[in-house]
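Notes for the structure review
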Amino acid sequence: MSNNGSRNSLHFLDKFTSNTGLVMSFDCGTHEQREQVAASIEQEILSQVPQATASGFNILPDFGSVVPSSSILDDAVDDSPKDDFPLTWLNDPLSLKTHEILLLIEEVVTIKPRNSSVTLDWSPTLKDACLQFFSPPNLRRFLGFYWAIWHPNVNFVHRPTFDPLAAKPTVLAAMALIGACVSPDMPDNEDARTWLNCVEEMVFIDDDFNSELSYSHSGSMSNQKRKIQALQAAYIVCLYQNWEGTDASKRRIRRYRFATLVSTARDIGIATARHQNYSEKGRPEFEWREFAAREELIRVFTWIFLLDTAFVIFNNLPPRMVIKEMRMHMAMPETCFQATTADQCHQQIQYSLPVQSLYWKFSFRGAFESLCRDDLSLEVRHMVSSLGPLVLFALASAIHSQIFQFRSAVGSFQLLAPISNALSNWRDIWQTFSLTSCRGVLPFITIEDINIQPEHLWRRMGFYRYAPEYWLLANLMADRLAVLGTSQPESELELLDEGPIDPILNHYDQTSMRQVNDLIMGFQTFQI
């Protein structure tokens, strides 16, 4: 099971379990790189001003402007401009989204359910602060940060077809908060914390998130866009609260909100997240937005599973999802998901996943079960490696989920052969991916590539490029389990309270990742 040649380091996971916050934990670049992104975004917005002004739309108030205490939003039927409201907002198409977000936040602040996490009281001052934070220019800036800095780390929103003017205000607000959290400007980071709980509340009481959902494999998925965005918004909330929120928020997300998200995914039906065989369709029959909606659903389910395994790995929380229920398609290669036109997307699908590709016959569950065999075919290896790093990261995380089940089982560890096979096969598939992915194509660049232009940063590979470290940690855990499985107990009967709860980690459902970090440090010391 061991592979000394692959045992390099656990530097990323050491850093990941030693820090808090999205920027310090994930692949968000240096402060200087994020400042370059901010300058590029501001320049891009400024470049749009002459065109917008010429057509009667002035979209950019001064970045330093302060929203006065009164607003035209106070009286929707009064079209006359108010002296104390920025005239530059009057014709801004995003001002409607600011209005919608304001009304939703006012509702959750004013009407608090019992035990609500929202502690703010509504007032003119809070209204002004809300208008300022979610103002049209800030929404543009924060969305720019979301795409360039954050999106590569959790890539389930289809940027080429994403329209902020048509998006649900809940997903727009959640994306804006992530953008503000990764902004290089500290005031953005501080202001974002004011709204974390409010947006959480409004996302999880949203009708689209809580309504009865009925998808089918054959039906149109693009018509369910609002419900897919409701799922995306709930997931984004779980992310920012778990890495930016207080300890109480982290526990609430882990124990309650995320459980609701998993239940909602099951209500939709995980098996419905499948593509049609686009390789059999000519370009006229290919519906790009339908493809985008289906791929978004596949990816959001994949990332829900990945967050579940993150809680397993880093918080020692029993998994809420099982691999056998993952009877959905795997995510498509980034070249397909990132294609900026329907023609490019169709062409990439034909190239990456031809009609005879095993992809169309496999589910995520099927791929993992194949991974656990000792006779994995060369054809399956090449198919899985061609799908790219996100799928490989998900499969490595699935191994951790299985290891937890073995750790928690009563009895010996003699059933480790499937895990041993999965580890060996995964390593070989990653090596194949590494050898074939170096084609100079954009999806395989990283934020360290100094020649990349800020407008292309959204295409880079995020933190899941460290999937080999997740594999290595699983490999080391499996080695330890194998050693424990060969040791004999001193007696057949043990006293009630003797011995550790778990053979590797002692405490379940821990908010701190300290025990995992100690384990990683112990492994690294042993390797040295």
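Worth saying up front: this structure is predicted, and the values here are computed from it rather than measured.

Here we look at the overall build of the chain
When helices and strands are counted, the chain shows 20 helices and zero strands. Counting all 528 residues of the chain, 56% fall into the buried class. Sequence separation of at least 24 residues holds for 79% of the intrachain contacts in the chain that already meet a minimum separation of 6.

Description of the nonpolar core
Counting 165 residues, the largest nonpolar core has Phe134, Val199 and Phe301 as the members making the most contacts within it. The greatest single-element share of this core, amounting to 16 residues, is contributed by helix α12 (residues 288-315). In this structure Phe134 touches Thr98, Ile101, Ile105, Leu139, Ala173, Ala176, Trp195 and Val199, once residues within four positions along its chain are discounted.

What to know about the packing of helix α10 (residues 225-244) against α12
Packed helix pairs are characterised by how far apart their axes lie and by the angle those axes make with each other. Two elements in contact, α10 and α12, have axes separated by 10 Å at closest approach and are oriented at 25 degrees. Classified by the angle between their axes, α10 and α12 sit roughly parallel to one another. In this structure, α10 meets α12 at a crossing whose hand is left-handed. Contacts from Lys225, Ile228, Leu231, Gln232, Tyr235, Cys238, Asn242 and Trp243 of α10 reach α12 at Ala293, Glu296, Leu297, Val300, Phe301, Trp303, Ile304, Leu307 and Phe311. For the contact of α10 with α12, the per-class residue count stands at 13 nonpolar, two polar and two charged.

As for empty space enclosed by the protein
Using the criterion set out here, one finds three cavities of 30 Å³ or more in the structure. Looking at the largest cavity, its volume works out to about 140 Å³. Around the largest cavity sit 17 residues that line it, and Trp243, Trp303, Leu306, Ala310 and Phe463 are the ones nearest its centre. At the level of elements, α10, α12 and α17 (389-408) are the ones that each hand at least two residues to the lining of the largest cavity. Tallying contributions element by element places α12 first for the lining of the largest cavity, with seven residues. Across the lining of the largest cavity, the residue classes break down as 15 nonpolar, two polar and no charged.

Description of the confidence of the model for the chain
Put simply, the chain has an average pLDDT of 84, and 79% of its residues get 70 or more. At the level of individual helices and strands, the chain shows its lowest average pLDDT in helix α20 (residues 514-527), which scores 69, and its highest in helix α7 (residues 169-181), which scores 98. A low-confidence stretch, residues 1-7 (pLDDT under 50), is modelled with 21 contacts involving residues beyond four sequence positions or located in other chains. Contacts for the low-pLDDT stretch residues 50-85, under 50 throughout, to residues beyond four places or in other chains number 48 contacts.

Examining the environment of Met24
As for its placement among the helices and strands, Met24 is situated in helix α2 (residues 22-25). Judged by relative accessible area, Met24 falls into the partly exposed class, the value being 44%. Sequence separation between Met24 and Val182 is 158 residues; the distance between their C-alpha atoms is 9.5 Å. Excluding residues that lie within four positions of it along the chain, Met24 makes contacts with Lys15 and Asn19.

Topic: the pattern of salt bridges
The final tally for this structure, using the stated rule, is 23 salt bridges. Residue Glu200 pairs with Arg257 through a salt bridge whose shortest N-O separation is 2.7 Å. Of this pair, Glu200 sits in helix α8 (residues 186-204) while Arg257 sits in helix α11 (residues 247-268), placing them 57 residues apart in sequence. Residue Arg257 is classed as buried on the basis of its relative accessible area, which comes to 17%. A salt bridge links Glu369 to Lys324; the nearest nitrogen and oxygen atoms lie 3.6 Å apart. Residue Glu369 is found in helix α15 (residues 364-371), and its partner Lys324 is found in the loop between α12 and α13 (334-337); the two are separated by 45 residues along the sequence. Taking relative accessible area as the criterion, Glu369 reaches 30% and is therefore assigned partly exposed. Classification of Lys324 by relative accessible area gives exposed; the value is 53%.

Looking at the packing of aromatic side chains
Two numbers describe a pair of aromatic rings. These are the distance of the centres and the angle of the planes. One pass over the structure, following the stated rule, counts 34 aromatic pairs. Following the ring pairs from residue to residue traces out a cluster consisting of Phe12, Phe16, Phe26, Trp150, Trp243, Trp303, Phe314, Phe393, Phe463, Tyr464, Tyr466 and Tyr470. Above the ring of Phe337, the side-chain terminus of Arg299 is found at 3.9 Å from the ring centroid.

A look at unusual backbone geometry
Leaving glycine aside, a negative phi is the common case for residues, and trans is the common case for peptide bonds. Unlike most non-glycine residues, Asn115 shows phi in positive territory, near 60 degrees. Take Asn115: it is sitting in the loop between α4 (95-110) and α5 (124-133). Residues other than glycine seldom take positive phi values, yet Asn316 does so here, at roughly 55 degrees. Examined against the element boundaries, Asn316 turns out to sit in the loop between α12 and α13.

Some details on the packing of helix α16 (residues 378-387) against helix α18 (residues 417-436)
Orientation of α16 relative to α18, taken along the N-to-C sense of each, is 60 degrees, at an axis distance of 9 Å. The orientation of α16 relative to α18 falls into the category oblique. In the crossing of α16 with α18, the sense of the turn from one axis to the other is right-handed. Across the interface between the two elements, Arg381, His382, Val384 and Ser385 of α16 pack against Asn425, Asp428, Ile429, Thr432 and Phe433 of α18. Tallied by class, residues from the contact of α16 with α18 come to three nonpolar, four polar and two charged.

So, the environment of Ala422
Structurally, Ala422 is set in helix α18. Sequence spacing of Ala422 and Asn475 is 53 residues, and the spatial spacing of their C-alpha atoms is 9.9 Å. Those residues within four positions of Ala422 in sequence are excluded, and the remaining contacts are Leu371, Cys372 and Ile399.

Observations concerning α8
The terminal C-alpha atoms of α8, which comprises 19 residues, lie 28 Å apart, in line with the 27 Å expected from a rise of 1.5 Å per residue. Of all the bends found along α8, the most pronounced is centred on Trp195 and spans about 40 degrees. Asp188, Asn189, Ala192, Trp195, Leu196, Cys198, Val199, Glu200, Glu201, Met202, Val203 and Phe204 are the residues of α8 that are buried.

Some points on the environment of Pro164
The residue Pro164 is located in the loop between α6 (136-150) and α7 in this model. Residues Pro164 and Leu94, 70 residues apart in the sequence, show an inter-C-alpha distance of 7.8 Å. If near-sequence neighbours (up to four positions away) are discounted, Pro164 is found in contact with Leu94, Lys97, Leu143 and Leu172.

Considering the side chain of Lys168
Tracing the chain through its elements places Lys168 in the loop between α6 and α7. Polar contacts involving the side chain of Lys168 include one to the side chain of Asp206, which spans 3.0 Å. Of note is the side chain of Lys168, whose polar atom sits 2.8 Å from the side chain of Asp208. If we ignore the near neighbours within four places in the chain, the residues touching Lys168 are Asp206, Asp208, Arg226, Gln229 and Ala230.

The rules behind each value
- Numbering of residues starts from 1 in every chain and runs along the sequence as written.
- Per-residue local features of the predicted model are confined to residues with pLDDT of at least 70, and side-chain atom pairs are confined, for both listing and counting, to 80 or more; whole-chain, interface and lining totals are unaffected and use all residues.
- Values shown for side chains rest on all heavy atoms present in the structure; no hydrogens or waters enter the calculation.
- To qualify as a helix, a DSSP run of H or I must reach at least 4 residues; to qualify as a strand, a run of E must reach at least 2; elements of each kind are numbered from the N terminus.
- Working definition: with a 1.4 Å probe on protein chains only, accessible area under 20% of the residue-type maximum means buried, over 50% means exposed, and in between means partly exposed.
- Only heavy atoms enter the contact rule, under which two residues are in contact if any of them lie within 4.5 Å.
- To form a nonpolar core, buried Ala, Val, Leu, Ile, Met, Phe, Trp, Tyr and Cys residues must be joined to one another through side-chain atoms within 4.5 Å.
- To get an axis, fit a line to the C-alpha atoms, keeping to the stretch in contact for a helix; angles then go from 0 to 180 degrees between the N-to-C directions.
- If an angle is under 35 degrees, it is roughly parallel; if it is over 145, roughly antiparallel; if it lies from 65 to 115, roughly perpendicular; otherwise it is oblique.
- Crossing handedness is defined as follows: a turn of the near helix away from the far one that is anticlockwise and smaller than a right angle gives a left-handed crossing, while the clockwise case is right-handed.
- Each residue receives one of three labels: charged for Asp, Glu, Lys and Arg, nonpolar for Ala, Val, Leu, Ile, Met, Phe, Trp, Tyr, Cys and Pro, and polar for the others, Gly being one of them.
- In the cavity and pocket records, a cavity denotes points on a 1 Å grid over the protein atoms alone where a 1.4 Å probe fits but cannot get out, a pocket denotes an open set with protein on both sides within 12 Å along at least 5 of 7 lines, and lining residues are residues with an atom within 4 Å of a point.
- Grid points are joined across faces, edges and corners, and a volume is the space filled by probe spheres set on the points.
- Known as pLDDT, the predictor's confidence for each residue is given on a scale from 0 to 100.
- By definition here, a salt bridge exists when the distance from a side-chain nitrogen of Lys or Arg to a carboxyl oxygen of Asp or Glu is within 4 Å.
- We call Phe, Tyr and Trp rings a pair once their centres come within 6.5 Å, taking the six-membered ring for Trp, and we label the pair stacked below 30 degrees between planes, edge-to-face above 60, and tilted otherwise.
- A positively charged side chain is recorded as over a ring if its NZ (Lys) or CZ (Arg) lies within 6 Å of the ring centre. The angle to the ring normal must also be within 35 degrees.
- The span you would expect from a helix comes to 1.5 Å times its residue count less one.
- The angle separating two fitted axes, one through the seven residues that finish at a residue and one through the seven that start at it, defines the bend at that residue.
- Two N or O atoms count as a polar contact when they lie within 3.5 Å, although within protein this holds only if one can serve as hydrogen donor and the other as acceptor, and sequence-adjacent residues are included solely when both atoms are side-chain atoms.

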